[in-house]
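The lines below spell out each chain.
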Amino acid sequence: MANIISIARWRPLYELARQIGAMAPWRLMDEMDIFAVHDPESDQTGYVSIMGTLGEHRAIDVYLGNEGLRGFLALQDSDDIPQPTLVLSTPQLQLSFEEKEYLEQEDQFIIRELEFKPHNRNEWPMFRCYRPGFAPWFLESSEISFLQVVLEQTLAVLSNPMEREQIVTNLEEEKILVREGKKTRTGIIWTSKSRSIYPPDEELAILINAELGDAVRHLPQSTQRVFLDLQILMNPIQDKRGERPYFAYLLAFMDKQSELILHFDSLTVKKDWHTFMTELPEHILRGLKAIGARPKQVLIRDKIVFDMMTIMQKKLGIGVENVTEMPAMDAFIKGFHNMTRQK
């Protein structure tokens, strides 16, 4: 938790937050004006996006590695459709500026100990880590160190009009500006380079139990068109006080015509996000087996689930279609969320 880390470790982050808040970078850059910082100490890359152009949520988002960048690009392609599952499943560190009443006790403890005062009255820094499968949580020691490096370079970029202009020029050419640090005897020397904005494609193994796959393939064919959806349940679960809360994901099958739920399952990230995703096809197959018949067509809105079913459709003899809206499914998910909310 936040208060078991030395208060001195937090001081540089809060000072950087004060300086960034004073610059009001949301007036200088749009959310899409993304750039990268590569830290030579941790060998980690963060992709920085400035939020708050429209005067709403003001924050510095640092998307972590290729997985974070892919999540950011997917969010930009979502046509302003709310994507809570995608947002909370994209690894990132965030510095947001909040009204004091929204800070947790741990945040306020650090602020009191540091005797910190923000640049603007209603812009109190709040630092959080977003980890797939888990609720936003306080930073760990290594995350503090990495975020400090990224915010230092963010200030350098914000202070340099030529760098900001280069970010926009690069993006027009489908490139991204990267601040790279090189360790020398006298310290770290920072330079700016350009590279393709698109990360390498992620290779996701589709693990299917052969016996289960055969069982689904030999089910009788039905004329049903079935919605298949995977959505995060926005009520964090905390088994023990002080532990990082986690989310459950609802995997649900619904008959399109009758709007009746045919099968659902509640899943959690037990090990890591990659393992969760590689095991997801088996959960989907178990759901199809539980229905008792192969649908004529499966309608899917989640891109990852759609890609999985596209790979499996020929072997299973099931048609797949991408859709954007599922009003009846949304109503079911909302009701399930309310029913399972922790008191």
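J.: How should the nonpolar core be read in this particular structure?
T.: Among soluble globular proteins, nonpolar side chains are generally buried collectively. Among the nonpolar cores identified, the biggest contains 53 residues, and Trp10, Phe127, Leu139 and Leu151 are the most heavily contacted of them. With 9 residues, helix H5 (residues 141-158) is the single largest residue contributor to this core. Grouped together as the second largest cluster of nonpolar side chains are 33 residues, Leu212, Leu219, Leu230 and Met277 included.

J.: Before we go on, may I ask you to explain the confidence of the model for the protein chain in this structure?
T.: Low-pLDDT portions of the prediction should not be read for the details of their coordinates. For the protein chain, per-residue confidence averages 92 on the pLDDT scale, and residues scoring 70 or more make up 97% of the total. Element-level pLDDT for the protein chain is lowest in helix H3 (residues 84-88), with a mean of 85, against a maximum mean of 98 in strand E1 (residues 35-39).

J.: Got a minute to help me understand the packing of helix H8 (residues 273-291) against helix H9 (residues 303-316) in this structure?
T.: Think of two packed helices as two axes; the pair is described by the angle between the axes and how far apart they sit. Across the interface, H8 lies against H9 with an axial gap of 11 Å and an inter-helix angle of 55°. In this view, H8 runs oblique relative to H9, as classed from their interaxial angle. For the pair H8 and H9, the sense of crossing is right-handed. Contacts from Met277, Leu280, Pro281, Ile284, Leu285 and Leu288 of H8 reach H9 at Ile304, Val305, Met308, Met309, Met312 and Leu316. Within the contact of H8 with H9, the residues separate by chemical class into 12 nonpolar, no polar and no charged.

Cut-offs used in this document
Residues numbered from 1 in each chain as written. Predicted model: local features only at pLDDT ≥ 70, side-chain atom pairs only at ≥ 80, totals over all residues. Heavy atoms only, no water. Core = buried A, V, L, I, M, F, W, Y, C linked by side-chain atoms within 4.5 Å. Buried < 20%, exposed > 50% of the residue type's maximum accessible area, 1.4 Å probe, protein only. Helix = DSSP H or I, 4+ residues; strand = E, 2+ residues; numbered from the N terminus. pLDDT = per-residue confidence, 0-100. Axes fitted to C-alpha atoms, helices over the stretch in contact; angles between N-to-C directions. Parallel < 35°, antiparallel > 145°, perpendicular 65-115°, else oblique. Left-handed = near helix turned anticlockwise from the far one by under 90°. Contact = heavy atoms within 4.5 Å. Nonpolar A, V, L, I, M, F, W, Y, C, P; charged D, E, K, R; others polar.

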